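Listed below are the residues making up each chain.
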Amino acid sequence: MAVAMQLKTIREKIENGQRLTFEDGMVLEEKADLFFLAKMAHLVRTRKNGTTAYYNVNVHLNPTNVCVYRCSFCAFRANMDDVRAYVMSDDEILARGADADQRGATEMHIVGGLHNKKPFEWYRHILEIVHKAYPKIHLKAYTAVEWDWFQRLTGRPIKDLLQEFRDVGMGSIPGGGAEIFHEEVRSQICEHKADTAKWFECHREAHKLGIRSNATMLYGHIEKPVHRIDHLIRLRELQEETGGFQTFIPLAFHPNNNKLSHLPKASGVMDLRVMAISRLMLDNFPHIKAYWVMLGIKTAQIALWHGADDIDGTVVHEKIYHDAGSDSPQELTVQEIRHLITEAGFNPLERDTLYQEVIREPNQSWKRRMSLPISQ
Ligand code: V47
């Protein structure tokens, strides 16, 4: 079929709310120009989220960078005897909680290395102390790779571990560790850590328990278009089964200080293409996030016109990307975030981790509005 005809068929499917196939995804990757992708992704984005662009007020906590794994893309990890190695004390962790509370953060995003010597109880203890001191802050904690590690440490089913950690304060699961699911790539960039089946088992079990999660895709390294489309379709299939994913976050590979440093950084066009194709293929995901720390502020702003409806949050204390060479600032103020959303032509709306609207009181306190203004 001629390209124009193929794109016309895809356009009609999107306009009629029909699902795109793997082959359609490959046509988008290989034959559609950016303008076509932007137009189509914007249609879907507007259908799902109107002119709203979500953000939140959040703080990151990476309790240790010591990690048993050696993923080739990672600039954050350290060996136990590295000068860069650190392990946060309880006091330092609680100070981060106090900082989050003082900033009015509604979320703490907690992920880190898999420390050679730390028992799984240490990871649970972190949630316990933060939740006890700051119960209002939602703890989005530990990626599937960490849950898999806890299972390896204890020999217990992931479901039990999820329940146990939920009981002490875990609220939802971040989307990291997904990288690229296809074995041809996964075996080359993160051979030893949780495999694709484990990643999906963890998210499936979480969803079955009513725990929401996110999903990511690390692109712009050695993967090919076929691997990206395969990745998106696998996620779409689990979402069809459970409905437990909230947000998809495409993560551009940052090449500094890691074993893939010889690779070039993804271009702005590639960032926007991946964003738009993700919006189009993941028709059952309510949200697509343009993570400004990774994309840079300017690209994140324009990504709102390429399918994204969320730009993450104020993100204080982020380390994983900054260690890998991100030149984004260390944090954005709420005023800056609202300005960049408004300037792009969208309506900023502060959400909590579960996409409930956050209402700020003049006295600095905040509360969650229990129903969303826009039906998903
Ligand atoms: O899994 C690590 C990626 C992820 C590099 O759920 C790198 O809301 C690029 O998952 N270049 C962790 N990427 C971050 C993550 C995340 C971020 C923001 C929001 C959410 C969410 C989740 O970071 C890892 C890996 O894919 N990563 N090193 C690097 N050099």
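Conventions adopted
- Residue positions are given per chain, counted from 1 along the sequence in the order it is written.
- Only residues with pLDDT of at least 70 get local features here, since the model is predicted, and only at 80 or more are side-chain atom pairs given and counted; chain-wide, interface and lining totals rely on the full set of residues.
- Calculated side-chain values reflect all of the structure's heavy atoms, with hydrogen atoms and water omitted.
- Consider each residue's heavy atoms; a residue with any of them within 4 Å of a molecule or strand counts as near.
- The term polar contact refers here to a pair of N or O atoms within 3.5 Å; inside protein, the definition further demands a hydrogen-donor-capable atom paired with an acceptor-capable atom, and it admits residues adjacent in sequence only when both atoms are side-chain atoms.
- Here a strand is any run of E in DSSP of at least two residues, a helix any run of H or I of at least four, and the numbering for each starts at the N terminus.
- Throughout this entry, Asp, Glu, Lys and Arg are counted as charged residues, while Ala, Val, Leu, Ile, Met, Phe, Trp, Tyr, Cys and Pro are counted as nonpolar. The remaining residues, Gly among them, count as polar.
- To estimate the expected span of a helix, count its residues, drop one, and scale the result by 1.5 Å.
- Think of it in three bands: with a 1.4 Å probe and only protein chains considered, a residue is buried below 20% of the maximum accessible area for its type, exposed above 50%, and partly exposed in between.
- It is the directions from the helix axis to the C-beta atoms that the arc portrays.
- Here, two residues are considered to be in contact whenever any of their heavy atoms come within 4.5 Å of each other.
- A fitted line through C-alpha atoms represents every axis, and for helices the fit uses only the stretch in contact; the resulting angles, taken between N-to-C directions, go from 0 to 180 degrees.
- These descriptions rest on fixed angle ranges, namely under 35 degrees for roughly parallel, over 145 for roughly antiparallel, 65 to 115 for roughly perpendicular, and the rest for oblique.
- Take the far helix as your reference; a near helix turned counterclockwise from it by less than a right angle gives a left-handed crossing, and one turned clockwise gives a right-handed crossing.
- Two strands form a pair only when DSSP identifies at least two bridges running between them.
- Think of a salt bridge as a Lys or Arg side-chain nitrogen and an Asp or Glu carboxyl oxygen that are within 4 Å of each other.
- Only centres within 6.5 Å qualify two rings of Phe, Tyr or Trp (six-membered ring in Trp) as a pair; their planes then separate them into stacked at under 30 degrees, edge-to-face at over 60, and tilted for everything else.
- Any Lys NZ or Arg CZ that is within 6 Å of a ring centre and within 35 degrees of that ring's normal is treated as a charge sitting over the ring.

### Things to note about the site of the ligand
Then comes step 1: Neighbouring the ligand are 23 residues, the closest being F73, K140, G177, E179 and H254.
Then comes step 2: Between the ligand and E179, the relevant distance is 2.4 Å, taken from an oxygen atom to a side-chain nitrogen or oxygen of the residue.
Then comes step 3: H254 is positioned with one of its backbone polar atoms (N or O) 2.8 Å from a nitrogen atom of the ligand.
Then comes step 4: For the shell around the ligand, the secondary structure elements donating two or more residues are β6 (213-219), β7 (245-252) and α14 (320-323).
Then comes step 5: When grouped by side-chain class, the residues that make up the shell around the ligand number 11 nonpolar, eight polar and four charged.

### Details of helix α1 (residues 3-15)
Then comes step 1: Between its first and last C-alpha, α1 extends 18 Å over 13 residues, near the 18 Å set by a 1.5 Å rise per residue.
Then comes step 2: Inspection of α1 places Q6, L7, I10, K13 and I14 among the buried residues, and these make up the whole buried set. The arc that holds every buried residue of α1, seen down its axis, measures 120°, which confines them to one face.
Then comes step 3: Those residues of α1 that are buried are in contact with α2 (22-31), α3 (34-49) and α11 (268-281).
Then comes step 4: Phi turns positive one or two residues past the end of α1, at G17, with a value near 70°.

### Quick look at the packing of helix α7 (residues 158-167) against helix α9 (residues 196-208)
Then comes step 1: The contact between α7 and α9 brings their axes to 9 Å, and the two run at 50°. Of the possible angle classes, the one that applies to α7 and α9 is oblique. Here α7 and α9 pass one another in a crossing that is right-handed. Along its contact with α7, which presents I158, K159 and L162, the element α9 presents K198, E201, C202, E205 and A206.

### Quick word on the pairing of strand β11 (residues 357-360)
Then comes step 1: In terms of strand pairing, β11 meets strand β12 (residues 366-369) through four bridges, oriented antiparallel. Across the sheet, the residue bridging to V358 is R368, located in β12.

### Digging into the pattern of salt bridges
Then comes step 1: Under the definition given, this model contains 25 salt bridges.
Then comes step 2: A salt bridge links D283 to R19; its shortest N-O distance comes to 2.9 Å. Here D283 is found in the loop between α11 and β8 (287-288), whereas its partner R19 is found in the loop between α1 and α2, with 264 residues between them in sequence.
Then comes step 3: Take D283: its relative accessible area is 22%, and that puts it in the partly exposed class.
Then comes step 4: Residue R19 is classed as partly exposed on the basis of its relative accessible area, which comes to 33%.
Then comes step 5: Three or more residues joined by partner-sharing salt bridges are found here, namely R19, E240 and D283.

### Notes on the packing of aromatic side chains
Then comes step 1: Under the criterion given, the structure shown has 19 aromatic pairs.
Then comes step 2: Measuring from ring centre to ring centre gives 6.0 Å for Y142 and W147, while their planes differ by 75°; the resulting arrangement is edge-to-face. Each member of the pair, Y142 together with W147, is buried.
Then comes step 3: Consider the rings of Y142 and F150, whose centres lie 5.4 Å apart with planes at 90°: the pair is edge-to-face. In terms of burial, Y142 and F150 fall into one category: buried.
Then comes step 4: Feature note: the residues F120, W122, Y123, Y142, W147, F150 and F165 constitute an aromatic cluster, connected by ring pairs.
Then comes step 5: The ring of W122 carries K118 above its face, with NZ or CZ at 4.9 Å from the centroid.

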